Amino acid sequence: MDLQHALMITVQIAREAGELLRQGYEEEKRIERKSSAVDWVTQYDTAVEALIIKRLQTAFPDHHIIAEESGHNGNPGAYTWYIDPLDGTNNFAHGFPVFCVSLALYAAGQPLLGVIYDPLRDECFTAVRGGGAFLQRGERQTRLQVSQTTALVDALLATGFPYDRHTAEVVENLAEVGAFLQRVQGIRRAGAAALDLAYVAAGRLDGYWEYKLHSWDVAAGVLLVQEAGGQVTLLDGTPFAIAPQLSLTVSNGRLHPLMRDVLQTLAN
Ligand code: IPD
Ligand code: CA
Ligand code: CA
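All residue numbers refer to positions counted from 1 along the written sequence of the respective chain. Throughout, the order in which chains and ligands are written sets their labels, letters from A for the former and numbers from 1 for the latter. The predicted origin of the model limits local features to residues at a pLDDT of at least 70 and limits the giving and counting of side-chain atom pairs to 80 or more, whereas totals for whole chains, interfaces and linings rest on all residues. To get the side-chain values, take all heavy atoms of the structure and skip hydrogens and water.

A. Examining the sheet that holds strand E15 (residues 245-251) more closely. Here, any two strands with at least 2 DSSP bridges between them count as paired. Segments assigned H or I by DSSP are reported as helices when at least four residues long, segments assigned E as strands when at least two residues long, and all are numbered from the N terminus. Across the sheet, 5 strands lie side by side as E12-E11-E13-E15-E14; this open sheet has mixed pairing. Two strands lie at the open edges of the sheet, namely strand E12 (186-188) and strand E14 (231-234), each paired on one side alone. Between one strand axis and the next, the sheet turns by 20° as a mean value, whatever way the strands run. As paired strands, strand E11 (residues 156-159) and E12 are joined by 3 bridges and run parallel to one another. Residue pairing across strands places Leu-156 opposite Gly-186, the latter belonging to E12. Across the sheet, helix H5 (residues 193-201) is in contact with E11, strand E13 (207-214) and E15; its angle to E13 comes to roughly 150°. Think of each axis as a best-fit line through the C-alpha atoms, taken over the contacting stretch in the case of a helix, with angles from 0 to 180 degrees between the N-to-C directions. In what follows, residue pairs with any heavy atoms lying within 4.5 Å of each other are defined as contacts.

In structure tokens, the structure reads:
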């Protein structure tokens, strides 16, 4: 597999999908509920996903696809694509300008390439395994590197909250937010997990943690962080492995033991 060629095709698809989202952002959205009252889907999630699947199946007919809105496509084989056509649906639906397209290719459970495209800022984050992580903005391409921050008191972290938070007996992450709030410089909840990961890779955030993510939320962003010199583990510190549902700790590497200590103290 020529990964650079595959990356070029993936970037084209992500940009085409992003352009549809950019146009849709200005239009009226039809909202339906999925897993809970706060888990929304719009006509753009499904339309953009259908376009991405069509394009990927044309370019890579024998690859397996795992997509948020339509499930599995094709037979599980050597290569699997993870598609989040619109990460940040709630932001998109409310008119809050933070959302993106996230596409990743994996083989034998390992990330090979990842693309996250933010159409409003025209920022395209890319990574190929072993080849570094980059940000394309207009004609400019810059290499991504995680931040150098070594102390929690200087750190800007991001997090998020699961969609079952109105109904779950125990709502995850409330104690964790409280514990970090008393230790870090700031916490953001911007509402698009893929961008949270891309921003850790870009050094805009120093770290990120979240419970109950889906594979398509993080598949591309994990590779971006790794290729930018950062660290990704499961929340308990064990090695990252792609799975349908995941809880993650993500950092610039230097902060990883400090973040893990805070999270583990609460887990005990
Ligand atoms: C959601 C966003 C959000 C995160 C949720 C995700 P969606 O994805 O990434 O930031 O907190 O866990 O499900 O539903 O907008 O694609
Ligand atoms: Ca998502
Ligand atoms: Ca989505």
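Moving on, there is more to tell.
B. Just the domain arrangement of the protein chain, in detail. Where a domain begins and ends is set by an automatic assignment or by a domain database. Along its sequence, the protein chain is carved into domain 1 (3-143) and domain 2 (152-267). Spacing between the C-alpha centres of domain 1 and domain 2 amounts to 20 Å. Interface of domain 1 and domain 2: buried area, both sides summed, is about 2500 Å²; carbon and sulfur atoms make up 65% of it. Here, a salt bridge means any Lys or Arg side-chain nitrogen found within 4 Å of an Asp or Glu carboxyl oxygen. Our count for the contact surface shared by domain 1 and domain 2 stands at 1 salt bridge. Here Glu-123 ties to Arg-204 by a salt bridge, and the two come within 2.8 Å at their closest N and O atoms. Contacts described as polar in this section are N or O atom pairs within 3.5 Å, which, within protein, must combine one atom able to donate a hydrogen with one able to accept it, while residues neighboring in sequence count only if both atoms come from side chains. The interface formed by domain 1 and domain 2 includes 8 residue pairs in polar contact (both at pLDDT 80 or more). Counting residues per element, the ones that place at least two in the side of domain 1 that touches domain 2 are strand E3 (64-67), strand E5 (79-87), helix H3 (89-94), strand E6 (100-107), strand E7 (110-118), strand E8 (123-128) and strand E9 (133-137). Here the side of domain 1 that touches domain 2 gets 7 residues from one element, more than from any other, and that element is E7. For this classification, Asp, Glu, Lys and Arg are treated as charged, while Ala, Val, Leu, Ile, Met, Phe, Trp, Tyr, Cys and Pro are nonpolar and the rest, including Gly, are polar. Looking at the side of domain 1 that touches domain 2 residue by residue, the class counts come to 22 nonpolar, 12 polar and 9 charged. As used here, buried area is the combined drop in accessible area, with a 1.4 Å probe, of two parts when they are placed together.

C. Quick peek at the sheet that holds E3. Ordered by their spatial adjacency, 8 strands build an open sheet running E4-E3-E5-E6-E7-E8-E9-E10, and the pairing between neighbours is mixed. Bordering the open sheet on either side are strand E4 (71-73) and strand E10 (140-143), each of which pairs with just one other strand. The sheet shows a mean angle of 15° between the axes of neighbouring strands, direction not considered. Across 4 bridges, the pairing between E3 and E5 is parallel. Residue pairing in the sheet places Ile-65 in a bridge with Trp-81 of E5. Set on the sheet, H5 makes contact with E5, E6, E7 and E8; between it and E7 the angle comes to about 105°.

D. Up close: the site of ligand 1. Residues are labelled near a given molecule or strand when at least one of their non-hydrogen atoms is within 4 Å of it. Neighbouring ligand 1 are 15 residues; Asp-87, Gly-88, Tyr-163, Ala-193 and Glu-210 lie closest to it. Contacts to ligand 1 include Asp-84, whose side-chain N or O atom sits 3.3 Å from an oxygen atom. With respect to ligand 1, the side chain of Glu-210 contributes an N or O atom lying 2.5 Å from an oxygen atom. Under the convention used here, a 1.4 Å probe and the Shrake-Rupley method define accessible areas, while residue burial counts only the protein chains that appear. The fraction of the free accessible surface of ligand 1 (370 Å²) that becomes covered by protein chains is 97%. Of all the elements in the fold, those that place two or more residues in the shell around ligand 1 are E5 and E13. No fewer than three residues from each of domain 1 (3-143) and domain 2 (152-267) sit in the shell around ligand 1.

E. Quick peek at the coordination of the calcium ion (ligand 2). Taken together, the protein donors to the calcium ion (ligand 2) comprise Asp-84 (OD), Asp-87 (OD) and Asp-217 (OD), at separations of 2.1 to 2.3 Å. In terms of primary sequence, the donors binding the calcium ion (ligand 2) are separated according to D-x2-D-x129-D. Between the calcium ion (ligand 2) and the calcium ion (ligand 3), both coordinated by Asp-84, there is a metal-metal distance of 3.7 Å. Each member of the pair, Asp-84 as well as Asp-87, carries the same accessibility label: buried. Only nitrogen, oxygen and sulfur atoms within 2.8 Å of the metal, or 3.2 Å for Na, K and Ca, are treated as donors, and water is left out, so sites may look incomplete. For each residue, the accessible area found with a 1.4 Å probe, counting protein chains only, is set against the maximum for its type, and the residue is called buried under 20%, exposed over 50%, and partly exposed in between.

F. View of the environment of Thr-233. Tracing the backbone through its elements, the reader meets Thr-233 in strand E14. Residues Thr-233 and Ser-247 lie 14 residues apart in sequence; the distance between their C-alpha atoms is 8.7 Å. Discounting chain neighbours no more than four positions away, the residues touching Thr-233 are Thr-238, Phe-240, Ser-247, Leu-248, Thr-249 and His-256. Separated by 2.9 Å, the side chains of Thr-233 and His-256 make a polar contact.

G. How the structure looks around the nonpolar core. One finds Ile-116, Phe-125, Leu-224 and Leu-248 to be the most contacted residues of the largest nonpolar core, which totals 42 residues. Mapped onto this core, the elements with two or more residues apiece are E6, E8, E9, E11, H5, E13, helix H6 (215-227) and E15. Lining this core are residues from two domains, each supplying at least three of them: domain 1 (3-143) and domain 2 (152-267). If we skip the residues at most four places from it in the chain, Phe-125 touches Gly-114, Val-115, Ile-116, Phe-134, Leu-135, Leu-144, Leu-195, Ala-198, Tyr-199, Ala-202, Arg-204 and Leu-224. Within the second largest apolar cluster, 34 residues are counted, among which are Ile-13, Val-48, Cys-124 and Val-128. Here, nonpolar core means buried Ala, Val, Leu, Ile, Met, Phe, Trp, Tyr and Cys residues that are tied together by side-chain atoms lying within 4.5 Å of each other.

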